[in-house]
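Structure assessment
If you want the building blocks of each chain, they are given just below.
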Amino acid sequence: MSSHTNPPPSDSDDSPGRLGRLFAPKAFLLALALSLVGVFLGGLVPVVGAIPGVDLLLRALGLFAAAFVVGLVSERPRYVEVALAGALVGVFSVVLSTLGAFLPVAVNVISEYGVELGGVGAAVGAFVTLLGHYFGRDLRDGVTREI
């Protein structure tokens, strides 16, 4: 009569469950889609007089709102997914905004400063989405906590 038991999982166990706790692809795709929609909608808001820089601020507000929604509706914190999605969309947004200028000048700017522009876009996108996700999680915690 032999009883076979499974050994307890160790810290070095690379099972899918462990990866799911660190990074959830579905949550990332949701955050990425919402971030793209947020940046797109932020860029659609008409600004009277086309004040320089306001379009970037509105796009950042769209990123914030997208991450806020993810934080509000997700049961678990998704900071990694949201930050990665925000960084990718931030790079995309900065490059697209630069290409919106006169094309020969835009290509020259991207060829000379593309890495720096991408880095700034990634940093700002990740920061804004982390902040939005934090506030969404905070509101969720306040609404769901018992008094």
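Source: prediction; values computed, not measured.

Rules used throughout
Residues numbered from 1 in each chain as written. Predicted model: local features only at pLDDT ≥ 70, side-chain atom pairs only at ≥ 80, totals over all residues. Heavy atoms only, no water. Helix = DSSP H or I, 4+ residues; strand = E, 2+ residues; numbered from the N terminus. Expected span 1.5 Å × (residues − 1). Buried < 20%, exposed > 50% of the residue type's maximum accessible area, 1.4 Å probe, protein only. Contact = heavy atoms within 4.5 Å. Axes fitted to C-alpha atoms, helices over the stretch in contact; angles between N-to-C directions. Left-handed = near helix turned anticlockwise from the far one by under 90°. Nonpolar A, V, L, I, M, F, W, Y, C, P; charged D, E, K, R; others polar. Core = buried A, V, L, I, M, F, W, Y, C linked by side-chain atoms within 4.5 Å. Patch = residues over 30% accessible without salt bridge, like charges linked within 9 Å, V, L, I, M, F, W, Y side chains within 5 Å. Areas by Shrake-Rupley, 256 points an atom, 1.4 Å probe, with all protein chains shown as cover. Salt bridge = Lys/Arg side-chain N within 4 Å of Asp/Glu carboxyl O. pLDDT = per-residue confidence, 0-100. 1 Å grid on protein atoms, 1.4 Å probe; cavity = no way out; pocket = protein on both sides within 12 Å on 5 of 7 lines; lining within 4 Å. Points joined across faces, edges and corners; volume = space filled by probe spheres on them.

The subject of this paragraph is helix 3 (residues 54-73). In this model, helix 3 (20 residues) spans 29 Å end to end at C-alpha, consistent with the 28 Å of a helix rising 1.5 Å per residue. Of the residues making up helix 3, those classed as buried are L58, R59, G62, L63, A66, A67, V70 and G71. Against the buried residues of helix 3 lie helix 2 (25-44), helix 4 (79-99) and helix 5 (103-144).

On to the packing of helix 2 against helix 4, then. In contact at an axis separation of 8 Å, helix 2 and helix 4 are set at 35° when each is read in the N-to-C sense. For the crossing formed where helix 2 meets helix 4, the hand is right-handed. Counted together, A27, F28, A31, L32, S35, L36 and V39 of helix 2 and E81, V82, L84, A85, L88, V89, F92 and S93 of helix 4 form the full contact between these two elements. Classifying every residue of the contact of helix 2 with helix 4 gives twelve nonpolar, two polar and one charged.

For the rest of this paragraph, the subject is the nonpolar core. Membership of the largest hydrophobic core is limited to six residues, which are F28, A31, A67, V70, V82 and A85. Among the elements of the structure, helix 2, helix 3 and helix 4 are those that each provide at least two residues to this core. Setting aside its immediate chain neighbours within four residues, A31 contacts V70, E81, V82 and A85.

What follows is about a nonpolar patch on the surface. On the surface, a cluster of nonpolar side chains totalling about 520 Å² of accessible area is made up of L36, F92, L96, L99, L103 and V107. Sort the elements by how many residues they give to the nonpolar patch and helix 4 lands first, with three residues. With respect to the helices, strands and loops of the structure, F92 is situated in helix 4.

For the rest of this paragraph, the subject is the confidence of the model for the protein. In the predicted model, the protein carries a mean pLDDT of 83, and the fraction of residues at 70 or more is 83%. Between the elements of the protein, mean pLDDT differs from a low of 61, seen in helix 1 (residues 16-22), to a high of 92, seen in helix 2. Residue range residues 8-15 is modelled with pLDDT below 50. Its contacts to residues more than four positions away, or to other chains, number two contacts.

Time to look at the layout of surface pockets. In this structure, the largest pocket occupies an estimated 220 Å³ of space. Lining the largest pocket are 15 residues; nearest its centre among them are L56, G90, S93, V94 and V124. When contributions to the lining of the largest pocket are tallied by element, the ones reaching two or more residues are helix 3, helix 4 and helix 5. For the lining of the largest pocket, the residue count by class is nine nonpolar, five polar and one charged.

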